[in-house]
Amino acid sequence: MRHFLYAGTAVAALCAGAAQAQDLVFPVGEGAFSWDSYNEWAANAPDLSGQTVTITGPWLQPEDDFFRSVVAYFAAATGAEVIYTGSDSFEQQIVIDAEAGAAPNIAVFPQPGLAADMAARGLLSPLPEGMGDWVAENYGAGPSWVALGTYADQSGADQLYGFFYNVNVKSLVWYNPENFEDAGYEIPTTMEELKALTEEMVANGDTPWCIGLGSGAATGWPATDWVEDLMLRTQPADVYDQWTTNEIPFNDPRVVAAIEEFGWFARDDAKVAGGAGAVASTDFRDSPKGLFASPPQCYMHRQASFVPAFFPEDVEFGVDADFFYFPAYAEKDLGNPVLGGGTLMAITDPSDATNALMEFFKLPIAHEVFGAQSGFLTPLKSINPETYLNDALRKQGDILVNATTFRFDGSDLMPGGVGAGTFWTGMVDYTGGKDAQAVADEIQSSWDALK
């Protein structure tokens with residue numbers, strides 16, 4: 001759900017001019033940052049004094065300040081000025097500006113859909129040559145990131161437009177380490193082991209899972225994440241892609257099977273806190289709290305990286321809360337797929353200085369500076385993980401760089417009436433007892449009606 005990726009209502013502008021060393025948030029040469037690669041790049045960087053790069057995106061406070069501290073290193077090396085404008089109405093404004101010929105040099109999109117639409121209309125410029133090969137080689141699950149940033153141009157030819165920067169992970173299972181230790185439970189490394197652990201907990205009289213789908217008008221969306229994760233663990237990634245574009249119908253047997261896999265966890269009274277009937281009515285913000293009850297109301301909670309915002313205030317990561325990768329099936333040999341989301345940079349008004357900035361974003365320092373201050377995550381394999389702000393981010397970063405496949409939140413790739421409509425409500429119906437095939441049939445009918 002992209003509305004959890006950033007927040008705020010104001011519009012913020014920032015700029016970084018010819019920054020001096022004392023203006024840099026982390027002095028060059030200090031700390032665990034990758035200074036060697038930065039210094040090598042800076043020694044050969046072009047002189048861009050008097051040139052400006054403008055950027056528009058969804059980041060508001062405090063992310064805009066963190067981003068300013070990143071581009072300050074580019075400014076220090078080149079003499080260029082970078083001006084960023086953040087807006088909570090970015091998705092509407094960027095289209096207006098581009099159509100009026102007043103687009104910034106770079107736009108930061110919170111998801112691929114709008115970028116793909118603008119590329120097809122000729123409102124984006126392809127990334128500099130060689131960027132795709134670089135991403136494929138230097139990002140964990142690199143070919144996935146290339147595919148996610150590749151869209152058809154006005155003539156229908158595929159070109160790389162999107163460079164992903166600041167992403168998030170959804171394939172996580174949260175748990176309370178003390179509860180696991182007290183009960184003698186081990187962290188599973190395969191889906192087979194996770195299912196066996198679930199059954200072991202039930203046999204011991206423990207409730208394995210807390211699951212809540214409540215979210216006001218968006219009720220049902222947490223279940224779509226479950227199904228998406230399970231699609232990536234039961235089918236090859238290309239089948240997932242065909243599903244999100246409706247090349248295969250929503251009621252395809254492979255999709256129905258993934259829904260039923262979710263039902264294995266969510267529709268069994270013994271496996272879910274409050275019983276299966278409570279899943280749809282429990283607010284997703286309240287559902288993880290059962291991990292911290294005494295005695296525990298549940299032992300595991302599958303949710304994205306943002307969920308600690310809804311933990312009790314006194315919960316300490318590594319002591320009271322931790323997570324493990326939502327594992328893949330060993331028998332299916334589909335690697336380590338990861339579900340998530342993130343922001344991508346695209347060029348909306350090309351210039352030499354813009355291309356130079358895109359080169360800068362290849363450097364580990366351009367990721368490490370952001371990650372040292374916030375919840376920023378990157379699939380870049382060359383960063384020093386010690387620079388991440390905390391252990392939780394380090395672990396999530398490790399999941400990203402070791403992923404074999406990455407896919408974007410599928411519901412965000414579907415038409416709004418499906419991905420943010422009938423898919424949500426269908427999952428509520430399913431957890432309430434409706435047959436998976438019937439639910440999938442209805443969702444496909446709603447998709448057909450939009451065509």
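Higher on the page you've got the structure.
Here's a quick rundown of the structure. (Residues numbered from 1 in each chain as written. Predicted model: local features only at pLDDT ≥ 70, side-chain atom pairs only at ≥ 80, totals over all residues. Heavy atoms only, no water.)

**Description of the side chain of Ser-287**
Examined against the element boundaries, Ser-287 turns out to sit in the loop between α11 (253-266) and β9 (301-302). The buried category is assigned to Ser-287, whose relative accessible area is 5%. In terms of polar contacts, Ser-287 uses its side chain to reach the backbone carbonyl oxygen of Phe-284, at 2.9 Å. Not counting residues up to four positions away in its chain, the partners in contact with Ser-287 are Cys-210, Ile-211, Gly-212, Thr-282 and His-301. (Helix = DSSP H or I, 4+ residues; strand = E, 2+ residues; numbered from the N terminus. Buried < 20%, exposed > 50% of the residue type's maximum accessible area, 1.4 Å probe, protein only. Polar contact = N/O pair within 3.5 Å; in protein donor to acceptor, adjacent residues only side chain to side chain. Contact = heavy atoms within 4.5 Å.)

**A short note on the environment of Gly-275**
On the secondary structure map, Gly-275 appears in the loop between α11 and β9. According to the relative accessible area criterion, Gly-275 is buried, its value standing at 11%. Once the C-alpha coordinates of Gly-275 and Trp-209 are considered, the two residues, 66 residues apart in sequence, prove to be 9.9 Å apart.

**Observations regarding the sheet that holds β9**
Each strand in a sheet pairs with its neighbour through backbone hydrogen bonds, running either in the same direction (parallel) or in the opposite one (antiparallel). If you walk across this open sheet you meet the 3 strands as β9-β8-β10, and the pairing is antiparallel. Where the open sheet ends on each side, the last strands, each with one partner, are β9 and β10 (322-325). With 2 bridges joining them, strand β8 (residues 172-175) and β9 adopt antiparallel strand pairing. For Trp-174, the partnering residue across the bridge sits in β9 and is His-301. Across the sheet, helix α14 (residues 391-401) lies against β8 and β10, angled at about 5 degrees from β10, the strand it touches most. (Pairing = 2+ DSSP bridges. Axes fitted to C-alpha atoms, helices over the stretch in contact; angles between N-to-C directions.)

**Considerations on the pairing of strand β7 (residues 163-169)**
Two faces belong to every sheet, and in a regular strand the side chains alternate between them. With 7 of 7 residues buried, β7 is to be regarded as a mostly interior element. With 5 bridges joining them, β7 and strand β11 (residues 337-347) adopt antiparallel strand pairing. Within the sheet, the bridge partner assigned to Asn-168 lies in β11 and is Gly-341.

**What to know about the state of the cysteines**
According to the stated counting rule, one finds 1 disulfide in the structure shown. Cys-210 shares a disulfide with Cys-298; S-S distance 2.1 Å. Measuring handedness by torsion sign, the sulfur bridge of Cys-210 and Cys-298 sits at about -105 degrees and is left-handed. Highlighted residues: Cys-210 in the loop between α8 (191-203) and α9 (221-234) and Cys-298 in the loop between α11 and β9, separated in sequence by 88 residues. (Disulfide = S-S within 2.5 Å.)

**Describing the packing of aromatic side chains**
In total, this model carries 56 aromatic pairs according to the counting rule given. Measuring from centroid to centroid gives 5.9 Å for Trp-134 and Tyr-139, while their planes differ by 65 degrees, and the two rings are edge-to-face. The residues Trp-134 and Tyr-139 share a single accessibility class, namely buried. Relative to Phe-284, the ring of Trp-221 lies with its centre 5.0 Å away and its plane at 65 degrees, an arrangement referred to as edge-to-face. Here Phe-284 lies in the loop between α11 and β9 and Trp-221 lies in helix α9, a separation of 63 residues in the sequence. Neither residue differs from the other here; Trp-221 and Phe-284 are each classed as buried. Across the ring face of Trp-264, the terminal group of Lys-271 is positioned such that the distance to the ring centre comes to 3.3 Å. Sitting over the ring of Tyr-329, Lys-332 keeps its end group 5.6 Å from the ring centre. (Phe/Tyr/Trp six-rings, centres within 6.5 Å; stacked < 30°, edge-to-face > 60°. Lys NZ or Arg CZ within 6 Å of the ring centre and 35° of its normal.)

**Side note on the nonpolar core**
Generally speaking, a soluble globular protein has its nonpolar side chains buried in company with each other. The biggest cluster of nonpolar side chains holds 94 residues, and the ones touching the most others in it are Phe-67, Phe-109, Phe-163, Tyr-165, Phe-360 and Phe-361. With 7 residues, helix α2 (residues 63-78) is the single largest residue contributor to this core. Residues in contact with Phe-67, not counting those within four places in the same chain, are Ile-55, Trp-59, Tyr-84, Tyr-165, Met-345, Phe-361 and Phe-370. Judged by nonpolar contacts, the second largest core, of 47 residues, contains Ala-223, Ala-266, Tyr-299 and Tyr-430. (Core = buried A, V, L, I, M, F, W, Y, C linked by side-chain atoms within 4.5 Å.)

**Focus: the pattern of salt bridges**
Within this structure, the stated rule accounts for 17 salt bridges. In this structure, Arg-407 engages Asp-241 in a salt bridge whose closest nitrogen and oxygen atoms are separated by 2.7 Å. Here Arg-407 is found in strand β12 (residues 405-408), whereas its partner Asp-241 is found in helix α10 (residues 237-245), with 166 residues between them in sequence. Residue Arg-407 is classed as buried on the basis of its relative accessible area, which comes to 12%. For Asp-241, a relative accessible area of 28% puts it in the partly exposed group. The partner of Glu-442 in a salt bridge is Lys-434, with the nearest N and O atoms 2.6 Å apart. (Salt bridge = Lys/Arg side-chain N within 4 Å of Asp/Glu carboxyl O.)

**A short note on the environment of Asn-39**
Tracing the backbone shows Asn-39 in helix α1 (residues 35-43). In the structure, Asn-39 is positioned 11 residues away from Val-28 in sequence and 8.6 Å away in space, judged by C-alpha atoms.

**Considering unusual backbone geometry**
Note that the residue after Gln-61, namely Pro-62, is joined by a cis bond; omega there is 0 degrees. Relative to the elements of secondary structure, Pro-62 occurs in the loop between β2 (52-57) and α2. Omega for the bond connecting Ser-294 with Pro-295 falls within 30 degrees of zero, at 0 degrees, which places this linkage in the cis form. Relative to the helices and strands, Pro-295 resides in the loop between α11 and β9.

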